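Descriptive structure summary
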Amino acid sequence: GAVVSQHPSRVICKSGTSVKIECRSLDFQATTMFWYRQFPKQSLMLMATSNEGSKATYEQGVEKDKFLINHASLTLSTLTVTSAHPEDSSFYICSARAVGPRFPLHFGNGTRLTVT
Amino acid sequence: DAKTTQPTSMDCAEGRAANLPCNHSTISGNEYVYWYRQIHSQGPQYIIHGLKNNETNEMASLIITEDRKSSTLILPHATLRDTAVYYCIARNTGGGNKLTFGTGTQLKVEL
């Protein structure tokens, strides 16, 4: 089945530094990938839609200058959390879908970010 | 995408069938019903989806009512590893393809 790989699975960084998270579709091409964030005991909240070769579309309330998204190829999207603060500590999850409206979205295993 | 309503939590004995209901009374004709589950500290896992016919795969069965206003996910023989939050999502395939997650049902499978 379709596999989405996310790296790293866990990262701890100091306040003020930047962290990059990678999302790869391993056995299919994904023109669109999605980035979600999940706080403890809450559901997933969509942050942005990443489109290959064009600018990402951000959901309302998500700062595009803080959460930089790059989708340079059909199999790779990256999310960079810039100038991280403790309130950015969360579980970040990416998803991707093979081409075609009936294919389901598949999710990576998430990245646990802790900002100290 | 249509709003879905699920019970907050359910319990099931191991080895028994787990039947998880979902209401989607405002679903439109071109919206599929998708089911995902999320085991603690992992990304959501795709289970099954359907439009109007019942569907079955190696993981589960999906029963959609004739009027499409509700559906039931059936795990035929629940195990402890099926303990997870189960999300029912109505998704318009032409609407950017993103998935909007509700609060889901916390299924607890017990001995």
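Quick note: structure is the one above.
In this report, we go over the structure that sits alongside the text.

Thresholds applied
- Chains are numbered independently. Their residues run from 1 in the order of the written sequence.
- Naming scheme: in the order in which they are written, chains are lettered from A and ligands are numbered from 1.
- Given that this is a predicted model, residues contribute local features only at a pLDDT of at least 70 and side-chain atom pairs are listed and counted only at 80 or more, while totals for whole chains, interfaces and linings are drawn from all residues.
- With hydrogens and water excluded, all non-hydrogen atoms of the structure serve as input to the side-chain values.
- Only runs of H or I of at least four residues qualify as helices and only runs of E of at least two qualify as strands under DSSP, and these elements are numbered from the N terminus.
- Buried means the residue's accessible area, taken with a 1.4 Å probe over protein chains only, is under 20% of the maximum for its type, while exposed means over 50%, and partly exposed covers the values in between.
- Contact definition: two residues touch when any of their heavy atoms are within 4.5 Å.
- Cavities and pockets were defined on a 1 Å grid built over protein atoms only: a cavity is a set of grid points that admits a 1.4 Å probe from which the probe cannot escape, a pocket is an open set flanked by protein on both sides within 12 Å along at least five of seven lines, and lining residues are those with an atom within 4 Å of any such point.
- Grid points are joined across faces, edges and corners, and a volume is the space filled by probe spheres set on the points.
- Note that Gly is not counted as nonpolar here; it falls among the polar residues with everything else outside the nonpolar set of Ala, Val, Leu, Ile, Met, Phe, Trp, Tyr, Cys and Pro and the charged set of Asp, Glu, Lys and Arg.
- Two strands form a pair only when DSSP identifies at least two bridges running between them.
- Geometry is summarised by axes, namely lines fitted to C-alpha atoms with helices restricted to the contacting stretch, and by angles between N-to-C directions that run from 0 to 180 degrees.
- What makes a salt bridge here is a side-chain nitrogen of Lys or Arg within 4 Å of a carboxyl oxygen of Asp or Glu, nothing more.
- Any two cysteine sulfur atoms within 2.5 Å of one another count as a disulfide.
- Within this scheme, the nonpolar core is defined by two criteria: the residues are buried Ala, Val, Leu, Ile, Met, Phe, Trp, Tyr or Cys, and they are joined through side-chain atoms within 4.5 Å.

Right, let's talk about the side chain of Thr32 of chain A for a bit. Residues and elements named next belong to chain A. Note that Thr32 resides in strand E4 (residues 32-38). According to the relative accessible area criterion, Thr32 is buried, its value standing at 17%. Setting aside residues up to four positions removed in sequence, Thr32 forms contacts with Thr49, Ser50, Asn51, His71, Ser95, Ala96 and Arg97.

Of the pockets and cavities examined, the largest pocket occupies roughly 460 Å³. Taken together, 19 residues form the lining of the largest pocket, with Gln38, Lys41 and Gln42 of chain A together with His40 and Val85 of chain B sitting closest to its centre. Looking at the lining of the largest pocket element by element, the count peaks at 3 residues for strand E8 (residues 84-92) of chain B. Residues that form the lining of the largest pocket fall into these classes: 7 nonpolar, 10 polar and 2 charged.

Each strand in a sheet pairs with another by means of backbone hydrogen bonds, the pair being arranged parallel or else antiparallel. Residues and elements named next belong to chain B. The sheet built from 5 strands is open, its strands ordered E1-E9-E8-E3-E4 with mixed pairing. Every interior strand has two partners, whereas the edge strands, strand E1 (9-13) and strand E4 (45-50), have only one. In this sheet, neighbouring strand axes are inclined to one another by 25° on average, regardless of whether the strands run parallel or antiparallel. Pairing of strand E3 (residues 31-38) with E4 involves 5 bridges; the strand directions are antiparallel. Note that in E4 the partner of Val33 across the bridge is Gly50.

What follows concerns the pattern of salt bridges. Two side chains with opposite charge may pair up if their charged atoms get near one another. Residues and elements named next belong to chain B. Tallying each qualifying case throughout the model produces 4 salt bridges over all chains. A salt bridge links Arg37 to Asp82, with the nearest nitrogen and oxygen atoms 2.8 Å apart. Note that Arg37 is positioned in strand E3 and Asp82 in the loop between strand E7 (70-75) and E8, a separation of 45 residues in sequence. Each member of the pair, Arg37 together with Asp82, is buried.

Let us look at the interface of chain A and chain B. Between chain A and chain B, the contact holds 20 residues from the first and 20 residues from the second. For the pair chain A and chain B, the number of links is 0 salt bridges. Sorting the residues of the side of chain A that touches chain B by element identifies E4, strand E9 (90-96) and strand E10 (106-107) of chain A as the ones contributing at least two each. By residue number, the principal contributor to the side of chain A that touches chain B is E4 of chain A, which donates 3 residues. For the side of chain A that touches chain B, a count of residues per class yields 11 nonpolar, 5 polar and 4 charged.

With that settled, consider the state of the cysteines. Residues and elements named next belong to chain B. Under the criterion given, the structure shown has 2 disulfides over all chains. Note that Cys22 is cross-linked by a disulfide to Cys88, the S-S spacing being 2.1 Å. Its S-S torsion of about -80° marks the bond between Cys22 and Cys88 as left-handed, since a negative value means left-handed. With Cys22 in strand E2 (residues 18-23) and Cys88 in strand E8, the pair connects residues that are 66 residues apart, well separated along the chain. For Cys88, a relative accessible area of 2% puts it in the buried group.

This next bit is on the nonpolar core. If you look at the biggest cluster of nonpolar residues, it comprises 25 residues, and the most contacted ones within it are Trp35, Phe67, Leu79, Tyr92 and Leu113 of chain A. Where this core is concerned, the elements lending two or more residues are strand E2 (10-13), strand E3 (19-25), E4, strand E5 (45-51), strand E7 (67-73), strand E8 (76-81), E9 and strand E11 (111-115) of chain A. In this structure Leu113 of chain A touches Val11, Cys13, Val19, Val81, Asp88, Ser89, Ser90 and Tyr92 of chain A, once residues within four positions along its chain are discounted. Counting 22 residues, the second-largest nonpolar core is a separate cluster that includes Ala60, Ile64, Leu73 and Cys88 of chain B.

Below, the discussion takes up the pairing of E4 of chain A. All names here are of chain A. Of all 7 residues in E4, 7 are buried; the element is thus mostly enclosed. Across the two faces of E4 the burial is the same, with Thr32, Phe34, Tyr36 and Gln38 and Met33, Trp35 and Arg37 all buried. Alignment of E4 against E5, held across 6 bridges, turns out to be antiparallel. The residue bridging Thr32 from the neighbouring strand is Asn51, located in E5. Connecting the antiparallel pair E4 and E5 is a turn made up of 6 residues, with Lys41 showing a positive phi of about 65°. Across 6 bridges, E4 lies against E9 in antiparallel orientation. Across the sheet, residue Trp35 finds its bridge partner in E9, namely Cys94.

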